[in-house]
Amino acid sequence: MEITDVRTVKLGAEMERPIQNARATMEVRASAFVLVETDVGLTGIGEGYGPNPAVVETVVEEILRPVLLGEDPLDIEHLWQRMLTDGGYFDQKGHVIAAISGVDLALWDLAGKYHDAPVYELLGGATRDDPSVRAYANDLYWDDPEKMADRAAEYADRGFQGVKIHIGRSREADERRVRAITDRVEECALMVDANCGYDEAEAVQVGDMLESYDVHWYEEPVRPHAHDAYSALAAELRVPIAGGENEYTKWGFRQLLQPTPVDQLLPNVTRCGGLTEARKIVALAETFGVGVSPHSFSTGVNLAASLHLLGCSPACEWIEWDVTPYPLIDELLVSDVDVDADGYVAPPSDPGLGVELPDRVLDRYDLSSVSS
Ligand SMILES: [Mg+2]
């Protein structure tokens, strides 16, 4: 099998309701997909979250495409190393690694289609009798405390064993929201995401408050560059620290594990280097006794790839279940993927990642037609 073309497709949609966290308000979501075509008629689909799709497109088509044309797409590790050498040598994080991630996911999708097997089987198969994993609901963006508590109760009633809220504006305002939810919802893990809203001193005060509410994890308390602060917070606070959605490659994740490891790594398979690198990050986490719960606020490609990864290591714990109404999640999945009444979800069983980009999706969600 030989790679005959590599190209990108940029899709997006306006949000039905804008969502807010500590850093921004989001009204439009946009995604870059990578298509790897072959001489046997198979096409692999991947996604690279840059976050700017135009930059991912430029990297894929001008830097990575020449490396890939004419190569055997089943040589995934070899091609990953070549992409890193040719593209990621000067740009060790950011859009270049996101673009490599997009190609890598497309190569895994191709390999699964070629072998007529779901990707999780190619990754070694599930480590448990059932490859299903627990899902936590991520929709509780900044809002009135009672409204957030209402939504948390809805998700708990639907069977989710965890919910995540987005805080990070002040200790007092955060506590009102945490208290409202923990007063209403019992028997459900509460994850709290500060979206890097604090400096280290503030993060300690907020962490002390969160510990008193038995929060399951405290995500991105400080900016992602501050590896020393993550280590210090992990050493000082009893509430578990989570981070990594803005980190890249195993070398970057190693900085979240030393000298004191954080408690939960959140690699994004469309950013961190694809499945090829994510499985190594998972292996690293295993050696430190740290959990892994992939960041999956993206599309059906990210969701499917994350689910294939999650079944393959005892270190993997939760899938982030994005319940915001973004059509590029469900509409890309070949078969239905959903959370059951106990809060578990199985990876797709279709060949490859289990995703597709039908013409109706390409026409309807072309990014150039999104208004703002
Ligand atoms: Mg987050």
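Just so it is clear, the model here is predicted, and its values are computed rather than measured.

Calculation notes
Note that residues are indexed from 1 along each chain, following the sequence as it is written. In keeping with the model being predicted, local features are shown solely for residues with a pLDDT of at least 70 and side-chain atom pairs are shown and tallied solely at 80 or more, while totals for entire chains, interfaces and linings include all residues. Note: side-chain values were computed over all heavy atoms of the structure, leaving out hydrogens and water. Throughout, nonpolar core names a set of buried Ala, Val, Leu, Ile, Met, Phe, Trp, Tyr and Cys residues whose side chains join them through atoms within 4.5 Å. Whether a residue is buried, partly exposed or exposed follows from its accessible area with a 1.4 Å probe, protein chains only, as a fraction of its type maximum: under 20%, in between, or over 50%, in that order. Working definition: helices are DSSP H or I runs of at least four residues, strands are E runs of at least two. Numbering for both runs from the N terminus. Here the bounds of each domain stem from an automatic or database domain assignment. Residues count as neighbours in contact if any of their non-hydrogen atoms are within 4.5 Å of one another. Because no water is among the atoms considered, metal sites can look incomplete, with donors defined as N, O and S atoms within 2.8 Å of the metal, or 3.2 Å for Na, K and Ca. What counts as buried area is the accessible surface, traced by a 1.4 Å probe, that two parts surrender upon association, with contributions from both included. Fitted lines through C-alpha atoms give the axes, limited to the stretch in contact for helices. The angle between two N-to-C directions lies from 0 to 180 degrees. Crossings are assigned a handedness: left-handed for a near helix turned anticlockwise from the far helix by less than a right angle, right-handed for a clockwise turn. Under the scheme applied, nonpolar residues are Ala, Val, Leu, Ile, Met, Phe, Trp, Tyr, Cys and Pro; charged residues are Asp, Glu, Lys and Arg; polar residues are all the others, including Gly. Stacked, tilted and edge-to-face are the three classes applied to pairs of Phe, Tyr and Trp rings, where Trp contributes its six-membered ring and a pair requires centres within 6.5 Å; stacked means planes under 30 degrees apart, edge-to-face means over 60, and tilted covers the rest. Both a distance and an angle decide whether a charge sits over a ring: NZ of Lys or CZ of Arg must be within 6 Å of the ring centre and within 35 degrees of the ring normal. Pairing between strands is defined by DSSP: at least two bridges between the two strands are required. By this rule the span expected of a helix is its residue count minus one, scaled by 1.5 Å. The definition of a polar contact used here is a pair of N or O atoms within 3.5 Å, where within protein one atom must be able to donate a hydrogen and the other to accept one, and adjacent residues in sequence count solely through side-chain atom pairs.

Undergrad: In this structure, what is going on with the nonpolar core? I would like to understand it.
TA: One broad rule of soluble globular proteins: the nonpolar side chains tend to lie buried together. By size, the foremost hydrophobic cluster in this structure holds 115 residues, and its most contacted members are Tyr218, Leu265 and Leu275. Top element by residues in this core is helix 3 (residues 95–115). It accounts for eleven residues. Each of two domains, domain 1 (3–116 + 358–369) and domain 2 (121–345), supplies a minimum of three residues to this core. Filtering out sequence-adjacent residues up to four positions away, Leu275 remains in contact with Asp104, Leu105, Trp108, Val119, Leu123, Val269, Ala305, Leu309 and Leu353. Membership of the second largest hydrophobic core comes to seven residues, among which are Tyr136, Trp217, Leu266 and Trp318.

Undergrad: Can you walk me through the coordination of the magnesium ion in this structure?
TA: For a metal with four tetrahedral donors the ideal donor-metal-donor angle is 109.5 degrees, while six octahedral donors give ideal angles of 90 or 180 degrees. Distances from the magnesium ion to its protein donors, Asp193 (OD), Glu219 (OE) and Glu245 (OE), fall within 2.0 to 2.1 Å. On the primary sequence, the residues serving as donors to the magnesium ion are separated as D-x25-E-x25-E. Highlighted residues: Asp193 in strand 6 (residues 189–193) and Glu245 in the loop between strand 8 (241–243) and helix 9 (249–254), separated in sequence by 52 residues.

Undergrad: Sorry if this is basic, but what is going on with the domain arrangement of the chain here?
TA: The parts lose accessible area when they come together, and the size of an interface is often stated as this lost area. Domain boundaries assigned for the chain yield domain 1 (3–116 + 358–369) and domain 2 (121–345). If you average the C-alpha positions of domain 1 and of domain 2, the two centres end up 23 Å apart. The interface is formed by 44 residues belonging to domain 1 together with 45 residues belonging to domain 2. A buried area of about 3400 Å², summed over both sides, lies between domain 1 and domain 2, and 61% of it is on carbon and sulfur atoms.

Undergrad: Is there a simple way to think about the packing of helix 5 (residues 145–157) against helix 6 (residues 171–184) in this case?
TA: Packed helices, taken two at a time, are described by the angle between their axes plus the distance between the axes. Their axes nearest at 8 Å, the elements helix 5 and helix 6 cross at an angle of 35°. Along this stretch, helix 5 crosses helix 6, giving a crossing that reads as right-handed. Facing Pro145, Glu146, Met148, Ala149, Asp150, Ala152 and Ala153 of helix 5, the residues of helix 6 in contact are Arg176, Arg177, Ala180, Ile181 and Arg184. Taken together, the residues that form the contact of helix 5 with helix 6 break down as seven nonpolar, no polar and five charged.

Undergrad: Hey, could you run me through unusual backbone geometry in this one?
TA: Across residues other than glycine, the phi torsion is negative in most instances, and most of the peptide bonds are trans. In this model, Gly50 is joined to Pro51 through a cis peptide bond whose omega is 20°. Along the chain, Pro51 turns up in the loop between strand 3 (43–48) and helix 1 (53–68). Note that the residue after Gln258, namely Pro259, is joined by a cis bond; omega there is -5°. Within the secondary structure layout, Pro259 lies in the loop between helix 9 and strand 9 (264–265). One non-glycine residue, Cys196, lies in positive phi territory at about 65°. Along the polypeptide, Cys196 turns up in the loop between strand 6 and helix 7 (200–212).

Undergrad: Which parts of the structure should I look at to understand the packing of aromatic side chains?
TA: Any two aromatic rings considered together are summarised by their centre-to-centre distance and by the angle between their planes. This structure, assessed with the given rule, holds four aromatic pairs. Between Tyr136 and Trp217, the ring centres sit 5.4 Å apart and the planes meet at 90°, which makes this aromatic pair edge-to-face. In this pair, Tyr136 is assigned in strand 4 (residues 133–140) and Trp217 in strand 7 (residues 217–219), connecting sequence segments 81 residues apart. Look at Tyr136 and you get buried, because its relative accessible area is 0%. Given the relative accessible area of 1%, Trp217 is considered buried. Through a chain of ring-to-ring contacts, three or more aromatic side chains come together here, namely Tyr136, Trp217 and Trp318. Against the face of Phe297 rests Arg29, its NZ or CZ located 3.8 Å from the ring centre. For Arg134, the ring lying beneath its charged end belongs to Trp318, and the centroid distance is 3.9 Å.

Undergrad: Is there a simple way to explain the sheet that holds strand 3 in this structure?
TA: On the basis of which strands lie adjacent, the open sheet formed by three strands has the order 1-2-3 and antiparallel pairing. Only two strands of the sheet have a single neighbouring strand rather than two, namely strand 1 (3–20) and strand 3. Between one strand and the next, the sheet's axes are offset by a mean angle of 25°, whatever the strand orientation. Pairing of strand 2 (residues 25–38) with strand 3 involves six bridges; the strand directions are antiparallel.

Undergrad: Which parts of the structure should I look at to understand helix 5?
TA: In this model, helix 5 (13 residues) spans 18 Å end to end at C-alpha, consistent with the 18 Å of a helix rising 1.5 Å per residue. Listed in full, the buried residues belonging to helix 5 are Pro145, Met148, Ala149, Arg151, Ala152, Ala153 and Tyr155. In this structure, the buried side of helix 5 is in contact with strand 1, strand 4, strand 5 (162–166) and helix 6. Its side-chain oxygen placed 3.0 Å from the backbone nitrogen of Glu146, Asp144 serves as the N-cap of helix 5.

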